[in-house]
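As a plain string of letters, each chain reads:
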Amino acid sequence: MLKLNKLHHIAIICSDYRKSIEFYTEVLGFTMLSEHYRADRDSYKADLALSGEYLIELFSFPNPPRRVTRPEATGLRHIAFQVDNINEAVCQLDKLGIPHENIRLDEYTDKHFFFFQDPDGLPIEVYEK
C-alpha cells in the first residue's frame, strides 16, 4: 500500500483566469501564496491557501476545452469545504448573488450540505462541521 500523508493540492484549469482568481479569493476567502507566468506554456499558475494551508493551484491555458458537467462524467466530481454554520454560508452566497442549491441532509452522516459552482461550472460542496 502506498503511504500517503494528506491531500497536497487540487489543480483547476480556468477559462477566465482572472475571474477565477477573484472568485477563489474574494468569494471563498483563499489567499494567493504565489503566481508565476510560464512562457513556454503561455500559462499562469497561482498557488492558493485557505487558513494558511496550500490547497489549490489555478491555471490558465490558451483555449482549454469546456468541462463536461452533465451527465456526470468519470473523473473529479466536486471539491468540498467544511463550514461551521451552513445557514451563514448560504446567506453569504445570497448576498453575493451567487446561485446555489437548497440545503440537503446527508442521510449517512446527518450533516447538512449544498452545492454551488465556480465560474467554470466546477461543482463546489459546502458541508457542515
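On a predicted model such as this, the values are computed, not experimentally measured, just so you know. (Residues numbered from 1 in each chain as written. Predicted model: local features only at pLDDT ≥ 70, side-chain atom pairs only at ≥ 80, totals over all residues. Heavy atoms only, no water.)

Enquirer: Would you explain the nonpolar core in this entry?
Expert: One broad rule of soluble globular proteins: the nonpolar side chains tend to lie buried together. In terms of nonpolar packing, the biggest core is built from 24 residues, with Tyr24, Ile56, Leu58, Ile79, Phe114 and Phe116 touching the most fellow members. For this core, the elements supplying multiple residues, two or more each, are strand E1 (10-14), helix H1 (17-27), strand E3 (43-50), strand E4 (53-60), strand E5 (79-83), helix H2 (86-96), strand E7 (112-117) and strand E8 (123-128). Those residues in contact with Tyr24 that lie beyond four places of it in its chain are Ile12, Gly29, Phe30, Leu48, Ile56, Leu58, Ile79, Asp118, Leu122 and Ile124. (Core = buried A, V, L, I, M, F, W, Y, C linked by side-chain atoms within 4.5 Å. Buried < 20%, exposed > 50% of the residue type's maximum accessible area, 1.4 Å probe, protein only. Helix = DSSP H or I, 4+ residues; strand = E, 2+ residues; numbered from the N terminus. Contact = heavy atoms within 4.5 Å.)

Enquirer: So what exactly am I meant to see when it comes to the sheet that holds E8 here?
Expert: The strands making up a sheet are joined through hydrogen bonds of the backbone, oriented either antiparallel or parallel. Within the open sheet, the four strands sit side by side as E5-E8-E7-E6. Their pairing is mixed. The open sheet has two free edges, formed respectively by E5 and strand E6 (104-105), since each of these has just one partner strand. Against the sheet, H2 makes contact with E5, E7 and E8, and its axis sits at roughly 20 degrees relative to E7, the strand it touches most. (Pairing = 2+ DSSP bridges. Axes fitted to C-alpha atoms, helices over the stretch in contact; angles between N-to-C directions.)

Enquirer: Is there a simple way to explain the pairing of strand E2 (residues 31-38) in this structure?
Expert: Regular strands have side chains that alternate between both faces of the sheet. Note that E2 and E3 share seven bridges and pair antiparallel. Bridge pairing in E3 places Ser34 opposite Asp47. The antiparallel pairing of E2 with E3 creates a hairpin that spans four residues between the two strands, and Asp42 there sits at a positive phi of about 50 degrees.

Enquirer: What is the right way to read the packing of aromatic side chains from this model?
Expert: Each pair of aromatic rings is reported with the distance of its centres and the angle of its planes. This model, assessed by the stated rule, comprises 10 aromatic pairs. Between the aromatic rings of Phe113 and Phe115, the centroid separation amounts to 6.1 Å while the plane-to-plane angle is 90 degrees, which identifies the pairing as edge-to-face. The same class applies to Phe113 and to Phe115, which are both buried. Clustering of aromatic rings is evident, with ring pairs tying together Phe23, Tyr24, Phe30, Phe81, Phe114 and Phe116. Just above the ring of Tyr44 sits the side chain of Arg18; from NZ or CZ to the centre is 5.3 Å. (Phe/Tyr/Trp six-rings, centres within 6.5 Å; stacked < 30°, edge-to-face > 60°. Lys NZ or Arg CZ within 6 Å of the ring centre and 35° of its normal.)

Enquirer: When you look at the pairing of E7 in this model, what are you seeing that I'm missing?
Expert: Relative to E7, E6 runs antiparallel, the two sharing two bridges. Residue pairing across strands places Arg104 opposite Phe113, the latter belonging to E7. Between E6 and E7, which follow one another and run antiparallel, lie six residues, and Asp110 among them has a positive phi close to 65 degrees. Of the strand pairs in this sheet, E7 and E8 are connected by five bridges, and their pairing is antiparallel.

Enquirer: Would you explain the sheet that holds E2 in this entry?
Expert: Strand order in the open sheet formed by four strands is E1-E4-E3-E2, with mixed pairing between adjacent strands. The sheet is open, and its two borders are formed by E1 and E2, each paired with just one other strand. Direction aside, the axes of adjacent strands within the sheet are offset by 20 degrees on average.

Enquirer: Sorry, what's going on with the environment of His9 here?
Expert: The topology assignment puts His9 in the segment before E1. With a relative accessible area of 29%, His9 lands in the partly exposed category. Considered as a pair, His9 and Asp94 are 85 residues apart in the sequence and their alpha carbons are 28 Å apart. Setting aside chain neighbours within four positions, we find His9 in contact with Tyr54, Leu55 and Glu57. A distance of 2.8 Å separates a polar atom in the side chain of His9 from a polar atom in the side chain of His8. Within polar-contact distance, the side chain of His9 engages the side chain of Glu57 at 3.2 Å. (Polar contact = N/O pair within 3.5 Å; in protein donor to acceptor, adjacent residues only side chain to side chain.)

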